Amino acid sequence: MKLRQMAVAFLINEEQQVLFLQKKPKDTFLAGLLVPIGGHIEGEEICDPKSACIREIAEETGLSSSCIDNLTLRYIVHRLSETKEIRIQYVFFGNVSKDSKLIDSDEGSLCWTNYNEISNINVSVTTKEIAKHYEKTAKLSKNVYVGSMKSLNGDPVVTWGLLEDWEKPR
């Protein structure tokens, strides 16, 4: 069984819009969907998903880390793909100015979407579930949540848990 790790960012501007990448219709992964900015973690980044996220942001948007405020890990989502690959997605949230100079990459075009419209647009179930949970539970906290994707009566759902240190010093 293979393991694939990814790091993505929900970059939010002052108007509560999220920056998405519109994937090309012929892409092999998430074709035609709007996706958060990010991608696969490279071997040398395996112990530092934030660095991978910053690299992917720069590659897909042209934004440097100095343009992003409060880039913080908020979610780790696990799922088993149809090819029996375990996918682990590290999800960061950060703030960026709507006036930031963006560049499109060869992976697709960039667009701002109102946060409250995420559930109504062409995004993955994972993205919808993260957005819904963040708005309902995590927005006002600094916690990191772990989600496990599964099927319930044929519909995708996420079971959320709080990531915390349960060991107490003696």
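Quick note: structure is the one above.
Below you will find a few notes about this structure. A quick note: this is a predicted structure, and the numbers were derived from the prediction, not measured. (Residues numbered from 1 in each chain as written. Predicted model: local features only at pLDDT ≥ 70, side-chain atom pairs only at ≥ 80, totals over all residues. Heavy atoms only, no water.)

**What to know about the overall build of the chain**
Which entries qualify depends on this criterion: Starting at the N terminus, helices and strands are each numbered in turn, a helix being any DSSP run of H or I of at least four residues and a strand any DSSP run of E of at least two. We compute the radius of gyration over the C-alpha atoms and compare it with the globule rule, which gives 2.2 Å times the number of residues raised to the power 0.38. Partly exposed describes any residue whose relative accessible area lies between the buried limit of under 20% and the exposed limit of over 50%, with all areas from a 1.4 Å probe on protein chains only and scaled to the type maximum. Residue contacts follow a heavy-atom distance rule, with two residues in contact if any of their heavy atoms lie within 4.5 Å. Computed by Shrake-Rupley with a 1.4 Å probe, the accessible areas treat only the displayed protein chains as cover when residues are assessed. In summary, the charge assignment counts Lys and Arg as positive and Asp and Glu as negative, without counting His or the chain termini. Note that the charge is assigned to NZ on lysines, CZ on arginines, CG on aspartates and CD on glutamates.
Secondary structure assignment for the chain yields 2 helices and 8 strands. Relative to the globule expectation of 15 Å for 170 residues, the C-alpha radius of gyration of the chain, 16 Å, shows essentially globular dimensions. Judged by the C-alpha coordinates and their principal axes, the chain covers about 50 × 40 × 35 Å. Out of the 170 residues in the chain, the part that is buried amounts to 43%. Considering only contacts in the chain between residues 6 or more positions apart, those separated by 24 or more positions represent 62%. A total of about 9,900 Å² of accessible surface is found on the chain, and carbon and sulfur atoms cover 51% of it. Side chains of the chain carry 21 positive and 24 negative charges; the gap between the two charge centres is 5 Å.

**Considerations on a nonpolar patch on the surface**
Note the following rule: Patches draw on residues past 30% relative accessible area with no salt bridge. Two like charges within 9 Å are joined, as are two nonpolar side chains (Val, Leu, Ile, Met, Phe, Trp, Tyr) within 5 Å. One speaks of a salt bridge when a side-chain nitrogen belonging to Lys or Arg is within 4 Å of a carboxyl oxygen belonging to Asp or Glu.
A surface patch of nonpolar side chains, amounting to about 430 Å² of accessible area, comprises Met1, Leu3, Leu80 and Ile86. Assignment of secondary structure puts Met1 in the segment before β1 (3-12).

**Topic: the nonpolar core**
Definition in use: Throughout, nonpolar core names a set of buried Ala, Val, Leu, Ile, Met, Phe, Trp, Tyr and Cys residues whose side chains join them through atoms within 4.5 Å.
Ala9, Leu11, Ile37, Ile57, Leu71 and Phe92 are the most contacted members of the largest nonpolar core, which has 22 residues in total. Looking at this core, the elements with two or more residues in it are β1, β2 (17-23), β3 (34-40), α1 (49-61), β4 (69-80) and β5 (86-95). Excluding residues that lie within four positions of it along the chain, Phe92 makes contacts with Ala7, Val8, Ala9, Phe10, Pro49, Lys50, Cys53, Leu71, Thr72, Leu73 and Arg74. If you look at the next biggest cluster of nonpolar residues, it comprises 21 residues, including Phe10, Phe20, Ile118 and Ile130.

**With respect to α1**
Using the following cut-off: Multiplying 1.5 Å by the residue count of a helix minus one yields the expected span of that helix. Directions from the helix axis toward the C-beta atoms define the arc.
The end-to-end C-alpha separation of α1 is 18 Å, in line with the 18 Å expected for 13 residues at 1.5 Å each. Taken residue by residue, α1 has Pro49, Ala52, Cys53, Glu56, Ile57, Glu60 and Thr61 as its buried positions. Buried residues of α1, seen end-on, are gathered within an arc of 140 degrees and therefore sit on one face of the element. Where the residues of α1 are buried, they touch β1, β2, β3, β4, β5 and β6 (108-114). Remark: Gly62 follows α1 within two positions and exhibits a positive phi of approximately 85 degrees.

**A closer look at the packing of aromatic side chains**
Quick reminder of the rule: Two rings from Phe, Tyr or Trp (for Trp, the six-membered ring) form a pair when their centres sit within 6.5 Å of each other. Planes less than 30 degrees apart are called stacked, planes more than 60 degrees apart edge-to-face, and all others tilted.
Counting across every chain of the model gives 7 aromatic pairs. Geometrically, the ring pair formed by Tyr75 and Phe93 is tilted, given 6.1 Å between the ring centres and 50 degrees between the ring planes. Placement of the pair is Tyr75 in strand β4 and Phe93 in strand β5, with a sequence separation of 18 residues. Taken as a pair, Tyr75 and Phe93 share a single burial class, namely buried. The interplanar angle of 55 degrees and the centroid separation of 6.2 Å between the aromatic rings of Tyr115 and Tyr134 together place this pair among those described as tilted. Of the two residues, Tyr115 sits in the loop between β6 and α2 (125-138) while Tyr134 sits in helix α2, which places them 19 residues apart along the sequence. In textbook terms, an aromatic cluster arises when at least three aromatic residues are bridged by ring pairs, as seen for Phe10, Phe20, Tyr75, Phe93, Tyr115, Tyr134, Tyr145 and Trp160.

Such coordinate-based values are descriptive only and should not be taken to indicate function.
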